[in-house]
Amino acid sequence: MLAKPSPDLSAFTAPPTTSAPPPGLSRRCWLWSAASVPLAGGLGALAFSRPGRAQNSAASSFPTPGDPSAQAQHLWRAASRVGYGLSPALLAALQTARSPRDWALQQIDLARTASQKPPLISPDLADFNASLPDIFAAAKRERELRKQLKADATDLATRMKNPDAALERRMAFSQIKAPEFYTRRLTLQTAAWRLGSCSQPAMENPLLARMTEFWFNHLNVFIGKGAVRPFVGHYLVNVIRAHALGKFEDLLLASARHPAMLLYLDQAQSVAYGSPGAQGRSRGLNENYARELMELHTLGVNGGYSQADVRELARVLTGWTIGSTQPDGFRFAPRLHDNGSKRVLGDSFPASAQAAGEQEGIDAIRMLARQPATAQRICLRLAQFFVADQPPPGLVKRLRQSFLDSQGDISAVLRVLLASSDFWAAENKLFKTPMDYACSALAATQEAAGADRRGLVLAADYLNNAGQPLHGWQTPDGYAFDAATWLAPEALTRRSDFAFALTRRQSAPEFLQPFLSQATRSSIAHEATALHAGLMLASPDFMYK
């Protein structure tokens, strides 16, 4: 617990005359059980509800007159949805634009341009973005060293102790040397860059950071799978970020060929039936990637494909494997490819003799990316990510048409989305995920820019405890974004703990005052000054985007 004065949170609750929590509830639990069901009187007017009971975030509404103005609400929405939240610099940029809507639309071209340039990565974090041959070589060296340590150690626990654990804890990577903990260092470097890029507009365009999260989640790989771990950061930057606002089919193809995806869904092991394996054993198909490519990455579970299509697609993709010495980490092995004829969704592969082999897989992936069912799935998810958990069907229909008309040009789809009245409508609310909350808190406090990286360490720990560790979702469906998943009393308590820990050395971010409801401002004003920063970040207003 923090050694700060205990705030009186009674003024955050309704009815206003209540001055103490109901029996058996701590003040913090009382606050957050109430915070989950804002009434029509504004985000600061809260109704009491006991913890553990399902909450309906749809009951909330934006502030009424006397609370943040309509212009302030639009500024908040632009910063919190196109990016991750307001910082002093981002607020200044928004205020110089003709309108929040114009600023949001400008970010599309700026983000697309930025995606084609190398990311800003400090030298002590750069290992995760080394060339793929270098990453393969270093990971191999790590495996050999660890194997040797285990074989030679008389005291295995001592020999395998990480000498750089204290430095890792501070994210002080420039001083870390131990090659036997190479992949762990890459994991932490990737997390540090990700948290910095989502919360510092000078480091990464806000919309590009947003779209990097969206697409990584859509084309998820799990950093906890040992073979995948060294490549996750490289995949994040060179596949997801680089294609985040381009053509969807180019992104999908780049993902399919990257070692992270090849290893995560076992495509590297999928070969033609009867291919020779170790010790004289034969090998065969692995359908994992083909299935998820259809079910999650493109068509969707009701997208009109059959198990036969999955099997045929797996045959099309045989021979796609890793190439540890290749610049892109990919290799097509003709001897492992099924050279027979196949049919996927009624299309024949290869389409011609000239399109046989590796080209079959390229053609099949592009065909899947262009399907109407794929357009529907992608556009529904974009609308859920940017607009509402249950987005207006008319908006999804317009996005889908834009996707089809532009052959999957994500920038074109985003232009329709951000220009729509649905994006700006007050009734279309979104509750922050843990990732949203961590990045917005870092942005508001500017703690990500600290030389000691204390804020990044706190944010990474918070995400681990909140159930959304960076790159840590095990299954290929990715994290959920909806309020039903993340809005719970215990989850809000963790946010409060993080808010007070992050602001321990901070004065209140006064630039946020115009974006808080009158009830919130009044309640905070009655508390000790040392608590103001934490209370602003822990307020109900700050939980929505």
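Parameters and conventions
Residues numbered from 1 in each chain as written. Predicted model: local features only at pLDDT ≥ 70, side-chain atom pairs only at ≥ 80, totals over all residues. Heavy atoms only, no water. Helix = DSSP H or I, 4+ residues; strand = E, 2+ residues; numbered from the N terminus. Buried < 20%, exposed > 50% of the residue type's maximum accessible area, 1.4 Å probe, protein only. Areas by Shrake-Rupley, 256 points an atom, 1.4 Å probe, with all protein chains shown as cover. Polar contact = N/O pair within 3.5 Å; in protein donor to acceptor, adjacent residues only side chain to side chain. Contact = heavy atoms within 4.5 Å. Disulfide = S-S within 2.5 Å. Phe/Tyr/Trp six-rings, centres within 6.5 Å; stacked < 30°, edge-to-face > 60°. Lys NZ or Arg CZ within 6 Å of the ring centre and 35° of its normal. Expected span 1.5 Å × (residues − 1). Arc of directions from axis to C-beta. Salt bridge = Lys/Arg side-chain N within 4 Å of Asp/Glu carboxyl O. Core = buried A, V, L, I, M, F, W, Y, C linked by side-chain atoms within 4.5 Å.

Description of the overall build of the protein
- Of regular secondary structure, the protein possesses 25 helices and six strands.
- When each of the 545 residues of the protein is scored for burial, the buried share is 58%.
- For the protein, the exposed area adds up to about 21800 Å²; of that, 53% sits on carbon and sulfur atoms.

A few points about the side chain of Asp338
- Among the secondary structure elements, Asp338 is positioned in the loop between strand 4 (330–332) and strand 5 (342–344).
- Looking at Asp338, its side chain comes within polar contact range of the side chain of Arg315, at 2.7 Å.
- Setting aside residues up to four positions removed in sequence, Asp338 forms contacts with Ala272, Arg315 and Thr318.

Some remarks on the state of the cysteines
- The final tally for this structure, using the stated rule, is one disulfide.
- What pairs with Cys198 in a disulfide is Cys439, and their sulfur atoms sit 2.0 Å apart. Between Cys198 and Cys439, the disulfide has an S-S torsion of -95° and is therefore left-handed. Here Cys198 is found in helix 8 (residues 182–199), whereas its partner Cys439 is found in helix 20 (residues 434–445), with 241 residues between them in sequence. Considered together, Cys198 and Cys439 belong to a single accessibility category, that of buried residues.

Observations concerning unusual backbone geometry
- Of the consecutive residues Phe349 and Pro350, the connecting peptide bond is found in the cis state with omega at -5°.
- When you line up the elements, Pro350 lands in the loop between strand 6 (347–349) and helix 15 (358–369).
- One non-glycine residue, Gln407, adopts positive backbone phi at about 55°.
- With respect to the helices and strands, the residue Gln407 is situated in the loop between helix 17 (393–405) and helix 18 (410–419).
- Classification of Gln407 as partly exposed rests on a relative accessible area of 43%.
- Backbone geometry at Gln446 places phi at a positive 60°, although glycine is not the residue there.
- Within the secondary structure layout, Gln446 lies in the loop between helix 20 and helix 21 (454–466).

Focus: the packing of aromatic side chains
- For the coordinates displayed, the defined rule picks out 19 aromatic pairs.
- Seen from their ring centres, Tyr462 and Phe498 are 4.8 Å apart, and the 10° between their planes marks the pair as stacked. Here the residue Tyr462 occupies a position in helix 21, and Phe498 occupies one in helix 23 (residues 489–502), the gap between them amounting to 36 residues. In this structure, Tyr462 and Phe498 share a single accessibility class: buried.
- Taken together through their ring pairs, the aromatic side chains of Phe214, Trp215, Phe248, Phe385, Phe386, Phe403 and Phe481 make up a single cluster.
- Residue placement shows Arg257 over the ring face of Phe330; its charged tip is 4.0 Å from the ring centre.
- A cation sits over an aromatic face here: Lys545 above Phe385, 5.7 Å from the ring centre.

Topic: helix 17
- For helix 17, spanning 13 residues, the distance from its first C-alpha to its last is 18 Å, which sits close to the expected 18 Å at 1.5 Å a residue.
- Listed in full, the buried residues belonging to helix 17 are Leu395, Val396, Leu399, Ser402 and Phe403. Viewed end-on, helix 17 has its buried residues packed into an arc of 125°, placing them on one side of the element. Facing away from the buried side of helix 17, by more than 90 degrees, are the exposed residues Pro393, Lys397 and Asp405.
- Structurally, helix 17 contributes buried residues whose contacts are with helix 11 (248–257), helix 15, helix 16 (372–386), helix 18 and helix 19 (421–424).

Concerning the pattern of salt bridges
- The tally for this structure, following the rule as stated, stands at 23 salt bridges.
- One salt bridge in this structure joins Asp436 and Arg210, with 2.7 Å as the shortest N-O distance. In this pair, Asp436 is assigned in helix 20 and Arg210 in helix 9 (residues 206–218), connecting sequence segments 226 residues apart. For the pair Asp436 and Arg210, a shared accessibility class is recorded, and that class is buried.
- Within the structure, one salt-bridge network assembled from shared partners comprises Arg210, Glu213, Asp436 and Lys545.

As for the nonpolar core
- Residues Met211, Trp215, Trp320 and Phe386 are the most contacted members of the largest nonpolar core, which totals 158 residues.
- What Trp215 contacts, discounting residues up to four positions off in sequence, is Ile240, Ala244, Phe248, Leu251, Ile378 and Ile410.

A few points about the environment of Arg315
- Take Arg315: it is sitting in helix 14 (residues 307–316).
- Residues Arg315 and Val271, spaced 44 residues apart in sequence, show a C-alpha to C-alpha distance of 7.7 Å.

Spatial relationships are all this shows, so hold off on functional conclusions.
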